[in-house]
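Structure at a glance
These are the residues of each chain, in order.
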Amino acid sequence: MRIVGGKVVTCCPGRNFVTLRLETEDGIHGLGDATLNGRELAVASYLTDHVLPLLEGRDARRIEDIWQLLYKGAYWRRGPVTMTAIAAVDTALWDIKGKTLGAPVYQLLGGASRDAVLVYGHASGDTIDQTVEAVGRYVAAGYKAVRAQCGVPGLTKPYGVATGEHYEPAAPGLPAESRWSSERYLEVVPPLFAELRSAFGPGLHLLHDVHHRLTPIEAARLGRALEPHHLFWMEDPTPAENQASFRLIRQHTTTPLAVGEVFNSIFDCQLLIQEQLIDYIRTTVVHAGGISHLRKIASLAELHQVRTGSHGATDLGPVCLAAALHFDLSVHNFGIQEYMPHAPETDRVFPHAYSFSDGVMHPGDAPGLGVDLDEVEAAKYPYQRAYLPLARLMDGTMHSW
Ligand code: KDG
Ligand code: MG
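Below or above, wherever it landed, is the structure these notes cover. Quick caveat, the model's predicted, so the values are computed rather than measured. (Residues numbered from 1 in each chain as written. Chains lettered and ligands numbered in written order. Predicted model: local features only at pLDDT ≥ 70, side-chain atom pairs only at ≥ 80, totals over all residues. Heavy atoms only, no water.)

1. Points about the pattern of salt bridges
- Tallied over the entire structure, the rule returns 19 salt bridges.
- Its salt-bridge partner being Arg 247, residue Glu 275 comes within 2.7 Å of it at the nearest N-O pair. Taken together, the residues Glu 275 in the loop between α9 (270–274) and β11 (280–281) and Arg 247 in helix α8 (residues 246–252) connect sequence positions 28 residues apart.
- Accessibility expressed as a relative area gives 34% for Arg 247, which makes it partly exposed.
- Linking Glu 338 and Arg 282 is a salt bridge whose minimum nitrogen-to-oxygen distance equals 2.9 Å. Remark: Arg 282 occurs in the loop between β11 and α10 (290–303) and Glu 338 occurs in strand β13 (residues 337–338); sequence separation between them is 56 residues.
- Each of Lys 7, Arg 21, Glu 23 and Glu 375 takes part in salt bridges that share partners, so that together they form one network. (Salt bridge = Lys/Arg side-chain N within 4 Å of Asp/Glu carboxyl O. Helix = DSSP H or I, 4+ residues; strand = E, 2+ residues; numbered from the N terminus. Buried < 20%, exposed > 50% of the residue type's maximum accessible area, 1.4 Å probe, protein only.)

Listed below in structure tokens is the structure:
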């Protein structure tokens, strides 16, 4: 079954998405998400200019071989742009294989390991009281796990606090700048989770994203302060380029740790997993080389009792969400899936079989991934340049956003 063509569709139905569509000689097509927030056109060009010419005429059934061709054959290995492009091809090929065999992708990955996929939603507020109310709305909507982010007095636009109903950090135009103080932040988070635990009792899973802002010793202090409120996880407590820095955090706290949404290969998390420095690995399909590579990460993690907790913010397109759900349903050491519903116009561009109900999701049983791309609808929403914000310390020093 030869690949006879492909194209990259870039659109902005509420936010930017880049989607790869591969065509085979027998008329079956497959989709892959290729969205890299704030750097979308780099991946679109990588695919159009450098990858599609290599795929023409190749056998679409040889998913692993094509993966290795694109990885080893580029000579320049890894990196978010390369790995997002490879992920898009890999995902599209799994979609094609599922459609060809008339089976949902999770059946090809070994079948369901569970009934459905536990997801967590995003609640936030400017104050602790508002955040408690927001978490209450998620509980009322059926969520069994909720991430809570709260405003910090004296800081404008801290990470994760929504201005509307849903949090969307990328904004049209050039990047907005915000100021950051770890000292002020560290005063707010422990009382927030004390309030949440007393309001909702022990049954609700509570999560928090530090978003790479703390030093290892500050993160250790926060983890320890949060221990009485038994979080499901504390995410990205410090930047993880230096994986060994997690040893210090781990020595000082039993709060579970989740890391990896910015990772793009198994080598980014090898030490974190092998030394059991984390509890959840957050790599996801679109940024970590597709379903094929994510399964290898999950297999390494399984050996060390690390579970998966894939990234699932709105900048991961519906094709990635579907692929993540097939992966989550099938992999043995699944932990949780992040879920932020997309805008209604996004859902119109990407009709899909996946569904949410009572705190869990299911990818559906349509052949392949169960997502389509309505190109007529997509054409109504042309790409708009948008960036993630920047963060500086109170004295103006550039910090991690
Ligand atoms: O594009 C960046 C977002 O996906 C990221 O900031 C969201 O940290 C995030 C999360 O945990 O969803
Ligand atoms: Mg995060």
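2. A closer look at the side chain of Ser 182
- With respect to the secondary-structure elements, Ser 182 resides in helix α6 (residues 182–200).
- Only 3.0 Å separates the side chain of Ser 182 from the side chain of Trp 180, close enough to count as a polar contact.
- The contact partners of Ser 182, leaving out residues within four places of it in the chain, are Arg 213, Leu 214 and Glu 218. (Polar contact = N/O pair within 3.5 Å; in protein donor to acceptor, adjacent residues only side chain to side chain. Contact = heavy atoms within 4.5 Å.)

3. Regarding helix α2 (residues 63–72)
- Among all positions of α2, only Ile 63, Ile 66, Trp 67, Leu 70 and Tyr 71 are buried. Each buried residue of α2 lies within a common arc of 130 degrees when the element is viewed along its axis, so the set occupies one face.
- Looking at the buried positions of α2, the neighbouring elements they touch are β1 (3–11), α1 (40–55), α3 (80–101) and α10. (Arc of directions from axis to C-beta.)

4. Some thoughts on the pairing of strand β5 (residues 145–150)
- Across the 6 residues of β5, 6 count as buried, placing the element largely inside the fold.
- Judged by which residues are buried, β5 turns out to be covered on both faces: Ala 145, Arg 147 and Gln 149 on one side and Val 146, Ala 148 and Cys 150 on the other are all buried.
- Both strand β4 (residues 117–125) and β5 contribute to a ladder of 5 bridges, which runs parallel. Residue pairing in the sheet places His 122 in a bridge with Arg 147 of β5.
- Handedness of the crossover joining β4 and β5 through helix α5 (residues 128–140) is recorded here as right-handed.
- The pairing of β5 with strand β8 (residues 205–209) spans 3 bridges and is classified as parallel. What sits directly across from Val 146, in β8, is Leu 206. (Pairing = 2+ DSSP bridges. Right-handed = clockwise from strand over helix to strand, strands pointing away.)

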